[in-house]
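Coordinate inspection notes
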Amino acid sequence: MKRTLGTCYYPEQWPSKMWTEDARRMVDAGLTWVRIGEFSWAKLEPTPGNYCWEWLDQAIQTLGDAGLKVVLGTPTATPPRWMLTRHPDMLAVDVEGRPRKFGSRRHYCFSHEPYQAECAKIVGLMAARYGANPYVAAWQTDNEYGCHDTTISYSDAARAAFQDWLALRYGSVDQLNVDWGNTFWSMDYGSFAEVDLPNLTVTEANPAHCLAFRRFSSDQVVAFNRRQVDLIRAQTDAPITHNYMGRITDFDHFAVGDDLDFASWDSYPLGFLEDRVGADAARQRAFARQGDPDFQALHHDLYRAVGKGRWWVMEQQPGPVNWAPYNPTPLPGMVRLWSWEAFAHGAEAVCYFRWRQAPVAQEQLHAGLLRPDSVDAGVMEELKQVTAELADASDVAPLQAPVAIIFDYDADFAWTVQPHGAGLSYFGLILDVYRGLRRLGLSVDILPASARDFAGYGLVMVPGMMAMADDLKAALGASDAQVVYGPRTGARNAEMGIPTPLPPAIPSLDVTVVAIESLRPDCPIPLTTGGHVINYRDVLEGGAEPVLHTATGEAVAMRDGKQTYLGGWLDGAALHIFLQDLCEKAGIATLDLPDGVRVRDTGTERFWFNYTDAAVTCHGRTIDAAGVVREAR
Ligand code: GAL
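Report on the accompanying structure. For clarity, every value in this text was computed on a predicted model and none was experimentally measured. (Residues numbered from 1 in each chain as written. Predicted model: local features only at pLDDT ≥ 70, side-chain atom pairs only at ≥ 80, totals over all residues. Heavy atoms only, no water.)

1. Brief notes about the overall build of the protein
When helices and strands are tallied, the protein shows 18 helices and 25 strands. In terms of overall dimensions, the protein is globule-like: its C-alpha atoms have a radius of gyration of 25 Å, near the 26 Å expected for 633 residues. Once the C-alpha set of the protein is aligned to its principal axes, its extents read approximately 75 × 70 × 40 Å. Here the protein holds 633 residues, and the buried ones make up 60% of them. Across the protein, the fraction of contacts at a sequence separation of at least 24, relative to all contacts at a separation of at least 6, is 70%. Carbon and sulfur atoms make up 52% of the accessible area of the protein, which amounts to about 23,500 Å² in all. For the protein, the distance from the average site of its 55 positive side-chain charges to the average site of its 79 negative ones is 5 Å. (Helix = DSSP H or I, 4+ residues; strand = E, 2+ residues; numbered from the N terminus. Rg over C-alpha atoms; globule rule 2.2 N^0.38 Å. Buried < 20%, exposed > 50% of the residue type's maximum accessible area, 1.4 Å probe, protein only. Contact = heavy atoms within 4.5 Å. Areas by Shrake-Rupley, 256 points an atom, 1.4 Å probe, with all protein chains shown as cover. Lys, Arg positive; Asp, Glu negative; His and termini not counted. Charge placed at Lys NZ, Arg CZ, Asp CG, Glu CD.)

Given below as C-alpha cells:
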C-alpha cells in the first residue's frame, strides 16, 4: 500500500466556478484524496424530502476528473434546522438535564429513533446514488462521534432505550438489583421502567448504575454507526471508515471499528496540548509549538489497532487551530514531522484539514492549506517537501512491536465512574506507561481487551484494566512475555463489585491487593530505587517476590516468574528504571532518549523525530529542530 496525502474540502462553501482550479491545485500539491460532504445535509436536503444532488454530482465529477479520489462523508453530524422543527425531542440532553441547542453541530441524541430513521433515509439515498461512482473511493460515516461531549445524552429517548438495554442485559429486575447491590440505600427497583438515568441524583449515583449507562451509551454509538455502514455496504465495495477524535474514550472504538474497513482519526497536536494531554505548565510551554511528543503517537498506535492494521489521519492540523485555549503557529517543520510520524506508525494516508481557510463562521480563524484569498499558506512549502519525499519512500511496511499495552475502553468507563482521586483517569495512566516505553526508544503495539495471542511480544503491559476476563489472565500467564498487571488491574468484577478472592486474582501470581489509596499531587511516596508512586496505590501482600519498595520498605511491585503485579502509579523516573529492568529481562534492546526525541520502527525503516525546538545529537546522529531522520533498517 502506497503512502498518500489528501485534504478536507467543502465544495458547498465555495462558488462552483472555483472547484476546477481548486482540484487542479490539489493535484499539483501531490494530493491523492479529497474528503467532502460530511457537513452538507442542509444543501442536500434543504427542506424535508426535497433533495438537491446535482451540486454534489458536479463536485465529485470535477474532483474525480482532475485525478483525485473522493472520500464521501455522510452528513449526519449536522442535522439541518428543519430537523428540529420536525423532531423537537431529537436533541441530546446534558448531565444537568438541559437540551443542547441547535446552532453548531452534533446536537442529536444517539437514542432518538426518528432521527436515526432520518439518517438512514439520507445515507441510503447517498449510497444508492454514489455507491457505484468510480470517483468515490472511500466513505466516512458521520464526523467524530463523541466530540464536544456528545456520546452521553440524558434525554427521554435515552432513558427508554436504556431500560430496554437493561432488560436485555439483566433479564429480570431482581437480577439487576442483586448485581448492582441496590439493597444499599434502599435503591431496589420493582421494574425496569422505574430505572432512571444516573444524573441529577442528590449525591453520587450507584457506580454500577453509572457503568451500565456508559456501556449502554457506547452501544448506542455502535448501533448508530452500524445502521449507516449496512446501508453503504449494500451499494458499494469501497472501504468505509469513521474519523475518530483524540482522547475521546466514552465509546468503545474497537466495537465501532469491527464494522468498518479501516480506522481514521483527526490529529490536532497543538489543539490537544493544553486540554487533553494533562501535562503541567512547563511541559506545555516546552512543546507549545510542537505538541506533546507521545500523545499523537499513542493515538496512531491505538487507531492502528482499532483499524486492525489499516488506518489514516483523516484530518491533520496544518497551522493554528481556533479552538484551543491558545492557538500558536506550529514550529517550521512540524507539519512535516507530524505527517512522517503518522506514516512511521503505519498510516496509509494523511489528509490536511482544511483546503482553504473559511472567511466566515465558527472556524474562520482556523488555518488551511490556502489562505482565505486562495493564496498558498506558508505550510504549502512543507507539504511540497513531504510530497517530494514520498515519491521515493517505501510503501507501508508493518512491523510487530516488541512491547504491547492492552487498552480497554470498558476500563476507561469504570475509571470515569470511579476515579477515586481528583483528576485520575485510565487514559492518563496509559499515556504515562506509553511515554515510559517510548522514552526507552521502543515501538509499541496497542491491543484490545479481546486479544488472546501474545506471540512475539517480549513485554505486555496491562495497567488499570478494572475488570479482567479469566481467559485473558490465563492467556497472558501462558504467554512467553513478561507481563505487568496493575495498578488497579482486576480490581472489579463485570458489575463493578469488588471480587472475592480479592484482586487481582491472577493464577500463579501470589499477590493480593488488601487495600487501596489515592494520593494528593503533593504527597508522592518515595521509592528506594528513585522516583515515586504518585496518584494511586494498591497495598500488596502475598508470597510473590517484592521487586520494588517504598522508602519505608513496603512492596510496590511483586513478581512470580514472568508475571509482575505493579501496585503503584509510577512517576517518570521510577517508571524508567522499572521498565528498563523488565526490558532487560525480556531481552528487548532499549535506547535512552532525551525528552522530545522519539524513535519508531517499520518493517523497512527507523525514524527519529525531534519534537524540541533545537537540534539534538543523539546516539550518533544529529536531528534538526522539529526534524525527522529516516534510516533504512
Ligand atoms: C475537527 C472536526 C473538523 C473541524 C476541525 C477543526 O475536530 O472534525 O470538522 O472542526 O476539528 O480543527
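2. What about the side chain of H345?
With respect to the helices and strands, H345 occurs in the loop between α13 (334-344) and β9 (349-352). Looking at H345, the relative accessible area reads 1%, which means it is buried. Excluding residues that lie within four positions of it along the chain, H345 makes contacts with A297, H300, D301, R304, W311, Y434, R438 and R600.

3. Notes on the sheet that holds strand β25 (residues 628-632)
If you trace the three strands from one edge of the open sheet to the other, you get β21-β22-β25, paired in antiparallel fashion. Of all strands in the sheet, those with a lone pairing partner are β21 (597-601) and β25, marking the two edges. Pairwise comparison of adjacent strand axes, ignoring direction, gives a mean angle of 15° for this sheet. As defined by bridge partners, β21 adjoins strand β22 (residues 605-610) across five bridges and the pair is classed as antiparallel. By the bridge assignment, V597 is partnered in β22 with N610. Relative to the sheet, α13 contacts β21, β22 and β25, its axis offset from that of β22 by approximately 145°. (Pairing = 2+ DSSP bridges. Axes fitted to C-alpha atoms, helices over the stretch in contact; angles between N-to-C directions.)

4. What to know about the packing of aromatic side chains
If you walk through the whole model with that rule in mind, you get 43 aromatic pairs. Relative to F353, the ring of Y10 lies with its centre 6.1 Å away and its plane at 70°, an arrangement referred to as edge-to-face. Taken together, the positions of Y10 in the loop between β1 (4-8) and α1 (19-28) and F353 in the loop between β9 and α14 (379-391) put the pair 343 residues apart, joining distant regions of the chain. Neither residue differs from the other here; Y10 and F353 are each classed as buried. Pairing F162 with F213 gives two aromatic rings, centres 5.3 Å apart and planes at 75°, and the pair type is edge-to-face. Of the two residues, F162 sits in helix α6 (residues 156-170) while F213 sits in helix α8 (residues 207-233), which places them 51 residues apart along the sequence. By relative accessible area, which is 0% here, F162 ends up buried. The ring of W14 is capped by R356, whose NZ or CZ atom sits 4.4 Å from the centre of that ring. The positively charged end of R630 is found above the aromatic ring belonging to W340, 4.4 Å away from the centroid. (Phe/Tyr/Trp six-rings, centres within 6.5 Å; stacked < 30°, edge-to-face > 60°. Lys NZ or Arg CZ within 6 Å of the ring centre and 35° of its normal.)

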